[in-house]
Amino acid sequence: AQRVTQPEKLLSVFKGAPVELKCNYSYSGSPELFWYVQYSRQRLQLLLRHISRESIKGFTADLNKGETSFHLKKPFAQEEDSAMYYCALSSQGAQKLVFGQGTRLTINP
Amino acid sequence: GAGVSQTPSNKVTEKGKYVELRCDPISGHTALYWYRQSLGQGPEFLIYFQGTGAADDSGLPNDRFFAVRPEGSVSTLKIQRTERGDSAVYLCASSPRQGGEQFFGPGTRLTVL
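Residues numbered from 1 in each chain as written. Chains lettered and ligands numbered in written order. Predicted model: local features only at pLDDT ≥ 70, side-chain atom pairs only at ≥ 80, totals over all residues. Heavy atoms only, no water.

**Q** Tell me what's going on with the sheet that holds strand β1 (residues 5–7) of chain B, and back it up with residues and numbers.
**A** Residue and element names in this part refer to chain B. If you walk across this open sheet you meet the 4 strands as β1-β3-β8-β7, and the pairing is antiparallel. In this open sheet, the two strands that pair with only one neighbour each are β1 and β7 (65–68). Going from strand to strand, the sheet's axes swing by 15° on average, the running direction of each strand aside. When β1 meets strand β3 (residues 19–24), the two strands line up antiparallel, connected through 3 bridges. Paired with Ser5 across the bridge in β3 is Asp24. (Pairing = 2+ DSSP bridges. Helix = DSSP H or I, 4+ residues; strand = E, 2+ residues; numbered from the N terminus. Axes fitted to C-alpha atoms, helices over the stretch in contact; angles between N-to-C directions.)

Printed below as a string of structure tokens:
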């Protein structure tokens, strides 16, 4: 069975500090991993996907197949990063996304 | 351009009633998805359409839930004999192709009293 675990429901850091949102997954094949973000009063939107290997808004995430993790990182948090973050997995041949329960990130001034 | 739209934005109904939730995908998007998000949880997959056909309906919780997409564009999620446990935000997403980025709508908040 596919499962995505985000161990932290809430994460609070100060502006300018590094931030890491943890994501672990279970899937026996080759998954595709995503991070979605939902800002206050906005709809869910894609932040980044591992196959594109892009850095979006200063965020990066590396797929670690050995540890089955896809942690989201940013070296210097900004107040506008405050949002709900969801890690998601798509399995080979399937189109659906399996989401974690989400982490609410708050950046304190 | 216009994104995915969903109507109504809020729906309050009584236990046992029938409801329909509508999704208008981005024009030209062939793939359409329905998810359900309960309070404090991430979205949970319900059903996926490629064109007019349901390619994967493995997430529908029981036979009270049904979805259609008759012309390959607008989709309707139908829930019969609603139960209080059906209360959630129902999200729709569309994608220009299989495996492409999914663009989400604002959701319909369903409350079953």
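Let us keep going from here.
**Q** Give me the state of the cysteines: which residues, what numbers.
**A** Applying the stated criterion across every chain yields a total of 2 disulfides over all chains. The side chain of Cys23 of chain A participates in a disulfide bridge whose partner is Cys87 of chain A; the two sulfur atoms lie 2.0 Å from each other. As the torsion about the S-S bond is roughly -65°, the Cys23 of chain A-Cys87 of chain A disulfide counts as left-handed. One end of the pair, Cys23 of chain A, is in the loop between β3 (19–21) and β4 (24–26); the other, Cys87 of chain A, is in strand β9 (residues 83–90), and 64 residues separate them in sequence. Each member of the pair, Cys23 of chain A together with Cys87 of chain A, is buried. Two residues, Cys23 of chain B and Cys92 of chain B, share a disulfide whose sulfurs are 1.8 Å apart. One quick way to see it: the torsion about the S-S bond of Cys23 of chain B and Cys92 of chain B is about -65°, and its sign makes the bridge left-handed. Of the two residues, Cys23 of chain B sits in strand β3 while Cys92 of chain B sits in strand β9 (residues 88–95), which places them 69 residues apart along the sequence. The burial state of Cys23 of chain B is the same as that of Cys92 of chain B; both residues are buried. (Disulfide = S-S within 2.5 Å. Buried < 20%, exposed > 50% of the residue type's maximum accessible area, 1.4 Å probe, protein only.)

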